[in-house]
Amino acid sequence: MDARLDTRTSRYHETYARWQRDPLGFWGEAAAEIDWLEKPKTVFDAKAGIYGHWFPDGVCNTCFNAVDRHVDRGRGEQAAIIYDSPLTGTKRTITYHRLLTEVQVLGGMLRDLGVGKGDRVILYMPMIPEAVFAMLACARIGAIHSVVFGGFAARELATRIDDATPKVILSASCGLEPGRIVQYKPLLDEAISLATHKPQACLILQRPQSEASLLEGRDRDWARMRDHALVHARSAWDCVPVAATDPLYILYTSGTTGRPKGVMRDNGGHMVALKWSMQNLYGIAPGEVWWTASDIGWVVGHSYIVYGPLLHGCTSILYEGKPIGTPDAGAFWRVIAEHGAVALFTAPTAFRAIKKEDPQGKLMARHDLSKFRTLFLAGERADPPTLEWAEALLKVPVIDHWWQTETGWCIAGNPVGLGLLPVKHGSPTVAMPGYDIRIVDEGCREQPDSTMGSIVVKLPLPPGCLPTLWRADQRMRESYLEEFPGYYKTADAGFKDEDGYIFVMGRTDDIINVAGHRLSTGGMEEVLASHPDVAECAVLGIKDELKGEVPCGFIVLKSGVNRPATEIEKECVALIRDKIGPVAAFKLAVTVARLPKTRSGKILRGTMKKIADGDAWQMPATIDDPAILDEIGSALKGKGLADNRPA
Ligand code: COA
Ligand code: AMP
């Protein structure tokens, strides 16, 4: 614990207690920070929706709050977005005034393509300003965007097309990864041909790095259409009033099977929560420069590259690059210094990558980081060694905070704006107002301090969290609400200590976290099982120094298959890349004769993981055949991985 900090100097405890005493008063007051077209008379309707609705009678527009109102109030010349792309050697500053013009024009273009209020629009785009314009333009006209991360393959995109049934898809000719151009257009074409639902039109931004061929009748050239739209009447581009409870976006995230969950976000509650968090959690003032180094395809990108900072009138850095290799491990320091960022939000894996390349932090010396105040980490557990390294190097608070795609903002964190609480390494600190966090056992009984259990949140969830899954109310109930009645199941396990600090130790389902990217091992198993020579398989997340976890697939071949196992393993690796995408980072397939199971036929994944991680393990009492674990150990050893004897 950091002895320099005194809990009494933080306003956190009084703020949390005030929320507990009067949650509706608390969020009603926070809602005053939003410009409503019709102010909500009701803060929360417990009878509406699945667990209630926030601001049910409010009318608003998210784009108006993120853009127009700042121009109206004198921020027109302030930078809204700084696009910094070491991958293309480009930098571009977009003022709020310019941003307004761009979203007005793009909103008009979407309307010309037939998109109206409530229609879905899929965005399959790289980290370029047009992607942000597109999100905001959808919000402006009341359409619902669904951004699909560029590292997903065509089949994943197709699944999302069929679930969201978009009227239009916005994409670019290509994305850029170090040393390679990712051709988006062929992936998009393949996804549309795989999907049952067909969009009416695709708007394609041609990037100079690689132009794509357009399909006559379906594809439209973004730049050409924009030139045409610029001459349209401005009045047609006004913000469309939407109900606070109308969907702003759908963001697909890994479920326990190959079918992703469409997390839905509303307009009103989302704005209220994000605006509150910018000041009170992150301690950022309007006008300051904020940087989230993530991707707009993830929730962190939605909330804190786009909506949070823009709702708050900040300048948001949009970075198309990596922590290392673009050009070196000093890239983050260069961006912070050059643009005067006061805070950075990224995943711990980015800092592990920098630490590995430049352990002494020598590259930092060249840059002036005097404006930099705080580093925020999320997306995966912040391992204490990385956290300590960053603290020692940066000499500013390094704040771990915990959240999920479903919640859209932080569940537990250290509220810099309210006054920092002592940092305990390994803990994302305390529950944010709005979240009543409990630790329970499988019978939903609360656990004493420092005892591991399932982490649940007492309903209702605060504003900003998912009201439901897109067109899947029943799946919402089954996935999150039924196992622990009255609570939202986070599917994370952990404990609370005597100071109320939360420790998040891992998932209770088969989701793994690879370089801060959430992936379903169940989804990978479905793909491996489709290989004609694979009889059975199990995918686990195993420890990785850089990415935290990486997937490892154990495969059992069908009897009679006599091709070399290494050949089939290579095909399995290629299959996952082809079906799920490079983001799965699936590089390790291990052929085994049998999978270890309990007598009732359950695969002993926990024990296999311990063996692979080189951790001590016990022989499970229920194991069917103990010899199989030796076979697993030997197979892993054959791949250069740990082979531990049982404890
Ligand atoms: N489009 C296409 N491919 C992509 C992609 C995108 N948007 N993003 C990643 N990929 C590819 C990568 O090129 C890589 O391909 P490869 O197998 O051919 O090398 C693969 O997907 C795996 O990517 P990743 O796991 O990110 O590994 P990496 O080696 O490229 O980079 C880090 C490792 C740590 C540098 C990187 O993951 C990182 O910066 N992470 C921290 C920030 C972050 O994104 N957090 C997410 C949520 S907060
Ligand atoms: P995502 O939905 O991609 O944001 O992933 C959410 C999951 O990532 C959570 O359920 C956790 O398992 C993990 N996670 C995110 N942030 C943290 C954190 N600060 N500490 C521990 N785990 C985290």
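Residues numbered from 1 in each chain as written. Chains lettered and ligands numbered in written order. Predicted model: local features only at pLDDT ≥ 70, side-chain atom pairs only at ≥ 80, totals over all residues. Heavy atoms only, no water.

(A) Fine view of helix H3 (residues 62-75). A maximum bend of about 35° is found in H3 at Asp 68. Buried within H3 are the following residues: Thr 62, Cys 63, Asn 65, Ala 66, Val 67, Asp 68, Arg 69, His 70 and Val 71. For H3, the capping residue at the N-terminal end is Asn 61, with a side-chain oxygen 2.9 Å from the backbone nitrogen of Cys 63. (Bend = angle between axes of the 7 residues up to and from the residue. Helix = DSSP H or I, 4+ residues; strand = E, 2+ residues; numbered from the N terminus. Buried < 20%, exposed > 50% of the residue type's maximum accessible area, 1.4 Å probe, protein only. Polar contact = N/O pair within 3.5 Å; in protein donor to acceptor, adjacent residues only side chain to side chain.)

(B) How the structure looks around the packing of H3 against helix H5 (residues 129-141). At a minimum axis distance of 7 Å, the contact between H3 and H5 shows a crossing angle of 120°. The angle between the axes of H3 and H5 places the two elements in the oblique class. Pair H3 / H5 crosses with left-handed handedness. Across the interface between the two elements, Thr 62, Cys 63, Ala 66, Val 67 and Asp 68 from H3 touch Leu 136, Ala 139 and Arg 140 from H5. (Axes fitted to C-alpha atoms, helices over the stretch in contact; angles between N-to-C directions. Parallel < 35°, antiparallel > 145°, perpendicular 65-115°, else oblique. Left-handed = near helix turned anticlockwise from the far one by under 90°. Contact = heavy atoms within 4.5 Å.)

(C) A look at the packing of aromatic side chains. Enumeration over the complete set of coordinates arrives at 33 aromatic pairs. Taking the centre distance of 6.0 Å and the plane angle of 85° together, the rings of Tyr 319 and Phe 332 count as edge-to-face. Residue Tyr 319 is found in strand S17 (residues 315-319), and its partner Phe 332 is found in helix H11 (residues 331-339); the two are separated by 13 residues along the sequence. Note on Tyr 319: relative accessible area 4%, which makes it buried. Joined through ring pairs, the aromatic side chains of Tyr 282, Trp 290, Tyr 304, Phe 345, Phe 376 and Trp 403 make up one cluster. If you follow Arg 160 out to its NZ or CZ, it ends over the ring of Phe 152, 4.6 Å from the centre. Over the ring of Tyr 501 we find Lys 424, and its NZ or CZ is 4.4 Å from the ring centre. (Phe/Tyr/Trp six-rings, centres within 6.5 Å; stacked < 30°, edge-to-face > 60°. Lys NZ or Arg CZ within 6 Å of the ring centre and 35° of its normal.)

(D) Local environment of the nonpolar core. Core analysis: the largest hydrophobic core is formed by 125 residues, its most contacted members being Trp 27, Leu 99, Leu 136, Leu 170, Tyr 307 and Trp 409. Considering each element in turn, this core owes the most residues, 10 residues, to H5. Counting 68 residues, the second largest nonpolar core, distinct from the first, contains Ile 204, Leu 557, Cys 572 and Val 590. (Core = buried A, V, L, I, M, F, W, Y, C linked by side-chain atoms within 4.5 Å.)

(E) Main features of the pattern of salt bridges. Within this structure, the stated rule accounts for 41 salt bridges. With a closest N to O distance of 2.8 Å, Arg 438 and Glu 446 form a salt bridge. Residue Lys 609 pairs with Asp 613 through a salt bridge whose shortest N-O separation is 2.8 Å. With Lys 609 and Asp 613 both in helix H17 (residues 605-613) and four residues apart, the pair spans about one turn of that helix. Salt bridges sharing common partners tie together Asp 84, Lys 91, Arg 334 and Glu 338. (Salt bridge = Lys/Arg side-chain N within 4 Å of Asp/Glu carboxyl O.)

(F) Broad picture of helix H12 (residues 348-357). For H12, a buried count of seven out of 10 residues is recorded, marking the element as mostly surrounded by other parts of the structure. Within the sequence span of H12, burial applies to Pro 348, Thr 349, Ala 350, Phe 351, Arg 352, Ala 353 and Ile 354. Elements in contact with the buried residues of H12: H11, strand S18 (343-346), strand S19 (374-377), helix H13 (384-394) and strand S30 (548-557).

(G) Main features of the environment of Glu 391. The topology assignment puts Glu 391 in helix H13. Overall, Glu 391 belongs to the partly exposed group, its relative accessible area being 23%. Taking the C-alpha atoms as reference points, Glu 391 and Lys 637, separated by 246 residues in sequence, lie 36 Å from one another. In this view, Glu 391 contacts Val 396, Val 398, Val 423 and His 425; residues no more than four positions away in its chain are not counted.

(H) The arrangement of the site of ligand 1 in detail. Taken together, 25 residues surround ligand 1, and among them Glu 177, Arg 180, Lys 547, Arg 577 and Lys 587 come closest. Arg 577 places a side-chain nitrogen or oxygen 2.9 Å from an oxygen atom of ligand 1. Protein contact buries 84% of the 930 Å² of open area that ligand 1 shows by itself. Elements with a minimum of two residues in the shell around ligand 1: strand S10 (180-183) and H12. Looking at the shell around ligand 1 residue by residue, the class counts come to 12 nonpolar, seven polar and six charged. Lining the shell around ligand 1 are residues from two domains, each supplying at least three of them: domain 1 (3-321 + 401-481) and domain 2 (511-638). (Near = heavy atom within 4 Å. Areas by Shrake-Rupley, 256 points an atom, 1.4 Å probe, with all protein chains shown as cover. Nonpolar A, V, L, I, M, F, W, Y, C, P; charged D, E, K, R; others polar. Domains from an automatic or database assignment.)

(I) Region of interest: the site of ligand 2. Lining the immediate environment of ligand 2, one finds 14 residues, of which His 401, Thr 405, Asp 492, Arg 507 and Arg 518 sit closest. In this structure, a nitrogen atom belonging to ligand 2 sits 3.5 Å away from a main-chain N or O atom of Glu 380. Contacts to ligand 2 include Gln 404, whose side-chain N or O atom sits 3.0 Å from an oxygen atom. Look at ligand 2: alone it shows 490 Å² of surface, and the protein chains cover 94% of it. Here the residues of the shell around ligand 2 sort into three nonpolar, five polar and six charged.

(J) Representation of the sheet that holds strand S16 (residues 289-292) in the model. Sheet architecture is open: seven strands sit in the order S5-S4-S17-S16-S18-S19-S20, paired in mixed fashion. Two strands lie at the open edges of the sheet, namely strand S5 (90-95) and strand S20 (398-400), each paired on one side alone. Averaged over neighbouring strand pairs, the angle between their axes works out to 20° when direction is ignored. Sheet topology places S18 next to S19; four bridges connect them, and they run parallel. Bridge assignment links Thr 346 to a residue of S19, and that residue is Leu 377. Together, strand S4 (79-85), S5, S16, S17 and S18 form the strand contacts of H11, whose direction differs from that of S17 by roughly 150°. (Pairing = 2+ DSSP bridges.)

(K) Structural detail: the side chain of Ser 454. Summarising the element assignment, Ser 454 is placed in strand S24 (residues 453-458). In contact with Ser 454, other than residues within four places in its own chain, are Arg 438, Ile 439, Val 440, Phe 484, Asp 492, Ala 493 and Thr 508.

(L) A look at the state of the cysteines. Considering all chains together, one arrives at zero disulfides under this definition. Unpaired in this structure, Cys 314 has its nearest cysteine sulfur neighbour in Cys 63, at a distance of 17 Å. The thiol sulfur of Cys 444 is not disulfide-bonded, and the nearest other cysteine sulfur, from Cys 465, lies at 18 Å. Exposure remark for Cys 444: the relative accessible area of 23% places this residue in the partly exposed category. (Disulfide = S-S within 2.5 Å.)

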